[in-house]
Amino acid sequence: MKTKGKGRGIKKAKSERKKKSFKRAYLTKAQATRQLQISSAEFERLVILKGLFPREPKRFEGSSGKDKTYYFSKDILWLEREPLLQKLREFSTYKKKLTRLRGRRQEFSATLYEKQHKPHYNVSTILKERYPTFLDAVRDIDDALTHIFLYAAMPPLVHSDTLIEGHAHLTSSMGEQCKDMRDRWLSYIKATHGLRKGFISIKGIYYQADVKGEKVMWQCPYEFTNKPPKDVVHRVLINFLELYLQQVKFVLFKLEQDQKAIKEKEDVEEEDAATGGEAIDFPLSEKDKERAAKLAKHIELFKGKVFYISRECPKVHMQFVIESFSGRVAKTLDKSVTHCIIDRPEPSEGTQVGVDYVRPQWLFDCINAKGLLPVDEYLLGKTLPPHISPFRISISNDADEVKELEGAMAEDRRILLDDIPDRVHEIRRMLDPSYNQANPTADVHLSDDDDDDEDEQDAHENGLAASDSESVSEDDEEERSRVKENIERSKTSKKKLSKLLVKGDNKPTEKEIAEKAREELAKKKEERAKEDVASRKKRKLEELEAKADADLQMKKAVMPTKARKLFTAMEIGNKRRKKQLKSLEDKREKVREGSAVLDAKTKTLKVLKKTK
């Protein structure tokens, strides 16, 4: 008995040690908010502005459960010294006092207190911490631009329950700032001719531009009357928007100042050349000259072309693409117009001789191919060719672009030529008649290692696995897991890939996927054609119930923990009551049918035996 008690004590001591060690490394969200003495919404806002992310522990021994959100304890200690934390506390105190004054109907005192004691802060110091150099901010501007372009298209007064400047919605001033940032960014890209690629999708239009040697990609939504969805937590998104507005403002200020300096320098050089002064010219290598010539040809793609944009096309996007590549947009369909961008079956005012009536896709296919394509396939009444995304495949087959895509897609170990659609080969032949389609296995970008090298990699991996059992720090474990993933990716060689291709284990082509989708659609249409009215109603009701259930699950996922637990308890109670109601209805049906009799004394149901 003593040994049993001693064993229990040892186990209890071990579990206590594990709990203490886990608490030293991690804190839950609730523990972090209590330690920082702020609310959950303020904690989310602070974490977003500072760029901290939740962490998933390697082991959950001694934790509070797998359903909690964990943060590093050292990150929370770092936040305790943040000046913005004190501002959030001051704002919470200010809001309580202001609410108290308005509750007492002291409007004059409330207005005076709001003017004199409202706390203000600036996120510029946070931006300097997150982006030490200007190029760091440019590299991380993709999400910021997409976010700002989205809210520039959204109406103001989007309800968000946020604490930003005391407002509970997207204010009209923030909406105007988003529109101003959008217009300034587009005008800068047009002025510098920095646009390189574009792609029309269902979600919107994707663009990629070259800014200070960095590739920047963003998405523009279509210009429709947008209604903000109610199931989106705008409070979190507007917290991001507050930071993104300041980031884009700083980046644009620097870019515009640099552009002004470049223009002034060019003007001075022109004056010196006119007065006979000597201009300093640095010699370029042959590769740099060739690259500069290609870029100049791409930038002047629409030079000398005059476009008229029909009213059904998004004029902002079409004009942005045309002017970025040295084209000109006409306000009326006059004799100087060479191309008319139209997206309808027939023009209402009739066609004009000498004008090519093309679809908007022609513009984007031309800039992606880095050359003017024939307009025959894009004319009115013609079926448009496939619109290929330039972000995964080099449509122009440019050597620099192919090399760049290879670096971006280094994680994808099976880049085969079979994955390139037929339309890309057609475009390449249009631009270069001498282009030939290569052998599918000749362009596989894989390691050419032999089996001996693979054995060495296996031994290296086993060594890493053995060393994992030792107690190491969190950073070392993350580094080793990253190395393991790289080893796994690099294991596939050309020999193994050729075996997989023989077995038929490669990816399906686009034609096979399209044929399969058409077959499924035809099968579904046949099934629906055979349905009668009752089965159709039943199917519609089931679809509505499934949609309602999905919406409910989405709402439950974004609920606070207490509200979700309360709602779950209410659902359990409702199910229990429905079950009791169904049993009572079944008993009533049996009594009506005469298959059972209700006993008046015991209030129970007696089932009658059936007589032959």
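Everything below is about the structure shown above.
Thresholds applied
- Residues numbered from 1 in each chain as written.
- Predicted model: local features only at pLDDT ≥ 70, side-chain atom pairs only at ≥ 80, totals over all residues.
- Heavy atoms only, no water.
- Buried < 20%, exposed > 50% of the residue type's maximum accessible area, 1.4 Å probe, protein only.
- Helix = DSSP H or I, 4+ residues; strand = E, 2+ residues; numbered from the N terminus.
- Pairing = 2+ DSSP bridges.
- Right-handed = clockwise from strand over helix to strand, strands pointing away.
- Polar contact = N/O pair within 3.5 Å; in protein donor to acceptor, adjacent residues only side chain to side chain.
- Patch = residues over 30% accessible without salt bridge, like charges linked within 9 Å, V, L, I, M, F, W, Y side chains within 5 Å.
- Areas by Shrake-Rupley, 256 points an atom, 1.4 Å probe, with all protein chains shown as cover.
- Salt bridge = Lys/Arg side-chain N within 4 Å of Asp/Glu carboxyl O.
- Lys, Arg positive; Asp, Glu negative; His and termini not counted.
- Charge placed at Lys NZ, Arg CZ, Asp CG, Glu CD.
- Axes fitted to C-alpha atoms, helices over the stretch in contact; angles between N-to-C directions.
- Contact = heavy atoms within 4.5 Å.
- Phe/Tyr/Trp six-rings, centres within 6.5 Å; stacked < 30°, edge-to-face > 60°.
- Lys NZ or Arg CZ within 6 Å of the ring centre and 35° of its normal.
- Left-handed = near helix turned anticlockwise from the far one by under 90°.
- Nonpolar A, V, L, I, M, F, W, Y, C, P; charged D, E, K, R; others polar.

*Asks:* Lay out the pairing of strand E6 (residues 306-309) with the relevant residues and their values.
*Replies:* Successive side chains on a regular strand alternate, one facing one side of the sheet and the next facing the other. Both faces of E6 are covered, namely the face carrying Val306 and Tyr308 and the face carrying Phe307 and Ile309. As paired strands, E6 and strand E7 (residues 328-330) are joined by 3 bridges and run parallel to one another. For Val306, the partnering residue across the bridge sits in E7 and is Arg328. Traced from E6 through helix H13 (residues 315-324) to E7, the parallel crossover comes out right-handed.

*Asks:* So what about the environment of Ser336? Which residues, and what values?
*Replies:* Along the chain, Ser336 falls in the loop between E7 and strand E8 (339-341). With 19 residues separating them in the primary sequence, Ser336 and Val355 have C-alpha atoms 9.2 Å apart. At a separation of 2.8 Å, a polar atom in the side chain of Ser336 contacts the side chain of Asp334.

*Asks:* Tell me about a negative patch on the surface, residues and numbers included.
*Replies:* A surface patch of negative charge is lined by Glu264, Glu266, Asp267, Glu269, Glu270, Glu271 and Asp272. Along the chain, Glu266 falls in helix H11 (residues 234-275).

*Asks:* Please set out the sheet that holds E6 residue by residue, giving values where relevant.
*Replies:* Strand order in this open sheet of 4 strands is E7-E6-E8-E9, and the pairing throughout is parallel. Strands at the two margins of the open sheet, each flanked by one partner only, are E7 and strand E9 (356-358). Each adjacent strand pair in this sheet contributes to an overall mean axis angle of 35°, direction not counted. Along the sheet, H13 contacts E6, E7 and E8; its crossing angle with E6, the most-contacted strand, is approximately 175°. Across the sheet, helix H14 (residues 360-369) is in contact with E6, E8 and E9; its angle to E8 comes to roughly 110°.

*Asks:* So what's going on with the packing of aromatic side chains? Which residues, and what values?
*Replies:* According to the stated counting rule, one finds 15 aromatic pairs in the structure shown. Ring centres of Tyr94 and Tyr113 lie 5.7 Å apart, and the angle between their planes is 20°; this geometry places the pair in the stacked category. Within this pair, whereas Tyr94 is found in helix H5 (residues 83-103), its partner Tyr113 is found in helix H6 (residues 107-117), the two being separated by 19 residues in sequence. The burial state of Tyr94 is the same as that of Tyr113; both residues are buried. Within the aromatic cluster, the residues linked to one another by ring pairs are Phe149, Trp185, Tyr188, Tyr207, Trp218, Phe320 and Phe364. For the cation-ring pair, Lys74 lies above Phe72, with the distance from its terminal atom to the ring centre recorded as 5.3 Å.

*Asks:* Account for the packing of H13 against H14, with residues named and values stated.
*Replies:* Where H13 meets H14, the closest approach of the two axes is 11 Å, and the angle between their N-to-C directions is 35°. Crossing of H13 against H14: the hand is left-handed. Note on element contacts: H14 touches H13 through Pro360, Leu363, Phe364 and Ile367, opposite Met318, Val321 and Ile322. Here the contact of H13 with H14 is built from residues that sort into 7 nonpolar, no polar and no charged.

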